[in-house]
Amino acid sequence: MTSFSFRTARRQWSRLALVLLPAVFFGTAARGDDTTMRRGANQDRAWRKTVESVKHGDFTGAAEQMRGVTGGGRLAAQVRTWLEEYETADARRREMDEVEFDKYVGYAKARIEREEYDWALGWIIRAADVAADRDEFVKSLLVRELVDTALTEAGKHRKAGEWRDSWSLYARLKTLNETEPRYQKLEEQLSVHLRLELMFQGDGKWEERIEQVRWNDAKAALEEVETRYEKPVDFKKIAESGLDHLLLLAESKTVRDVVEGLADDAEREAFEARLRRRLDNVRAADHLSAREVISIFHRAIRTDNRQTVNMPEGLIVSELMRGAFEPLDDFTTIIWPKEVAEFDKHTSGDFVGVGISIIKRGGEIVVVTPLEDAPAYRQGVLPGDIITHVDGEPLAGFSLTKTVDTITGAKGTPVTLTLRRRDETIEMVLVRETIKIQSIKGVARREDDPQRWDHWLDKDNGIGYVRITGFQGNTVEDLGNTLTELQHSGMKGLVLDLRDNPGGLLDSAFHVAALFLEDGDDVVSTKGRIAHENQRFTTQFTGPFAKMPLVVLANEGSASGSEIVAGAIRDNKRGTVIGDRTFGKFSVQHLVQLSKSSSAKLKITTAKYYLPSGDSLHRGNGERGGIAPDISVVLCSHERVKIWKMRRDRDRIGPPAPETTAVADAGETGGSAVPPGPAGAEGTLVDVTVVLDLEETGVTSALGPLRAEDGDDVGSSSADDPKSDDDTNPDAAKDTEDGDEDEEDKLPKLEQPDENERPDADPQLDAALLFMRVVLFGDRFPTLAAAELAAAEKPNLRRDQ
């Protein structure tokens, strides 16, 4: 029998405890570690979802995900702050949209009650611009009834010969329903009348615009169109449209009052009768060849005109060809000798001159800014200076074109500018030299050297920024140098801003895209009527920045070359496109010298271009066209105005120009119903830069009435479309007659203020910056533990790093 001993039992329990206690202790610890690991894994999943949400443009979802992330230390907290700041700003934008929508609809209803349908349409366009659902709003009963009424009113104005009023209504209708070809056709028809009215009621310098316009160049252009245009041409339509334009010219009362040959009623009626007979014959024909049309045009110019009204041949030829090319496309045009120098400067990237950007305001020539490293800058020309004389000749009554011609001269020759600066008169002698146009710009001008740009959007996080204003001969070299310098200084990601870039040289656009692509990547292909001229552009090497994280900013002002670059980046999955749908110019133009004895050139559309995906997104025939962004950030008109002003101020070298006083009450200046377009270039460059009218760029004016100060009274011809002349293009016209409604015999003035209360911010750029910051953080820190470790290794890391 075994006896029980207390001492023995205690020893046995002690041994058992030594076995059990560690198991209990380590089991509890293991369960704790497992919980911690699961919590960490969940946090990392939330972090990865945050990054993925940002990559897909769901910034609100990313902010919500990030609120559940507690790890990551200060770096994760910084990401959370960035997301919440953007979320707050975006919510404020939506609130302002709702307030403005209600205001604009109310304004429109008030105008409808007064039967002021042009104004009402303007406010409806503004309302559609900020509507939560634009398509549904445009289909609403209010809008449909207004559209029907506006069409009726436009027809009445047209019948009465009130071209400006009729055109304005049609242009607003086209803006409201941009895929409706009927409105576009009506607006184009009325724009002919209005253009003639502006041309012959303007500064009286219409003769300048037809200098060196010759029939032989027009004949050569028609022959080129027959063989080289991108598709077979219906020359019957060419003949009909050309003769129609001549008839409109002859019938215009405005032209009749100015052109001597039309003053004789009998001769004018005889000329019109001849044109109508020719038109009847054209319409009765089954088809017409190019040779037959050339013969018809020749007889109209040399026989019908000379035997009756005998108008200047340059006027007849220019109007005839403007009409003849109308059935083709918006980009096929003759560049007459007076326009060649201007056109060449935009494509080459340099020119001979003094280097200033000017506008015409209130009849005076005003300096916007001197250009970088140019004679005007070095001599001290400042923004806001008014040029009163050139070489002692007063500029009173001069058009912008005439001013440019007066300042233009040979390289190395002097020109004396007389400037008025407030109450002081200054004379400066400038020596003309080759001016290099800067197509590469940055965030802001450097404080230590205003001629150079700061390209850091967020230097602490290595995010660079480059804005390309056009694709010129020097663009690729300048861009490569800028990016190399940024890369050597620590750039980890790039925002490439192509907004309001109207295009330029195809070769330049190709090489810009190639900087960011791998060897063998497709960039663009062209397909036209002549098979052996079809081309495929493929990279031959890996670009130096092919691995650089990239965001491309684009908007409705991004056209042609900008769309090639954005499309190649998107289709090759090399970056993310943020912003708004691009313009949709997917056509290729070639320049053809028309004769050895003339400098006139034909810019002719010979092909369409296609993205690597195979898409050719050309707008027209009711199609919106353009490249849809990966992440859509659509701006309202007030935001576009703010961004335009911020950009203008950044581009200016020197102190701000003196503020001008608005000449009309807010909401009562009218503004023109200018349809939006791709011509958001920096300006037309002849000897000096002529800055585009804000309204001509389509930034705001088609969206409704503008305050006088929003437009800045700038105006010129379009850099992308030589058809338009600075003082004859209806798209650049101010609607100065809207104030007539407040005469004593009309209704009393209606106060409808529309102050631009939007903050000085760029939501598209803000989205690009947020995207790049979060994506770079996600690549650098795949887990929150990595972020915490990085923060621990840098205890003095700033909150904004």
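This report concerns the structure included in the present document. Note that the structure is predicted; figures quoted are calculated from it, not measured. (Residues numbered from 1 in each chain as written. Predicted model: local features only at pLDDT ≥ 70, side-chain atom pairs only at ≥ 80, totals over all residues. Heavy atoms only, no water.)

Attention now moves to the overall build of the chain. Counting its regular elements, the chain contains 24 helices and 24 strands. Here the chain holds 801 residues, and the buried ones make up 55% of them. Long-range pairs, those at least 24 residues apart, make up 74% of the contacts in the chain with a sequence separation of at least 6. Working note: accessible area of the chain is about 35200 Å², and carbon and sulfur atoms make up 49% of it. (Helix = DSSP H or I, 4+ residues; strand = E, 2+ residues; numbered from the N terminus. Buried < 20%, exposed > 50% of the residue type's maximum accessible area, 1.4 Å probe, protein only. Contact = heavy atoms within 4.5 Å. Areas by Shrake-Rupley, 256 points an atom, 1.4 Å probe, with all protein chains shown as cover.)

All chains considered together, the criterion is met by 54 salt bridges. The structure contains a network of salt bridges with shared partners spanning Asp90, Arg93, Arg94, Asp97, Glu100, Glu639 and Arg758. (Salt bridge = Lys/Arg side-chain N within 4 Å of Asp/Glu carboxyl O.)

Formed by 57 residues in total, the largest nonpolar core has its most connected members in Phe297 and Phe325. When contributions to this core are tallied by element, the ones reaching two or more residues are helix H8 (181-201), helix H9 (215-228), helix H10 (235-251), helix H12 (265-284), helix H13 (290-305), helix H14 (313-324), strand S20 (587-595) and strand S21 (598-610). The element best represented in this core is H10, accounting for nine residues. Excluding anything up to four places from it in sequence, Phe297 contacts Trp215, Leu222, Ile238, Ala239, Gly242, Leu243, Leu320 and Ala324. (Core = buried A, V, L, I, M, F, W, Y, C linked by side-chain atoms within 4.5 Å.)

For Gln212, which is not glycine, the phi dihedral falls at a positive 65°. Note that Gln212 resides in the loop between H8 and H9. On the accessibility criterion, Gln212 (41% relative accessible area) is partly exposed. In the Ramachandran plot, Lys573 falls in the positive-phi region, its phi being about 55° despite a non-glycine side chain. Of note, Lys573 is situated in the loop between helix H20 (561-571) and strand S19 (576-579). Classification of Lys573 by relative accessible area gives exposed; the value is 73%.

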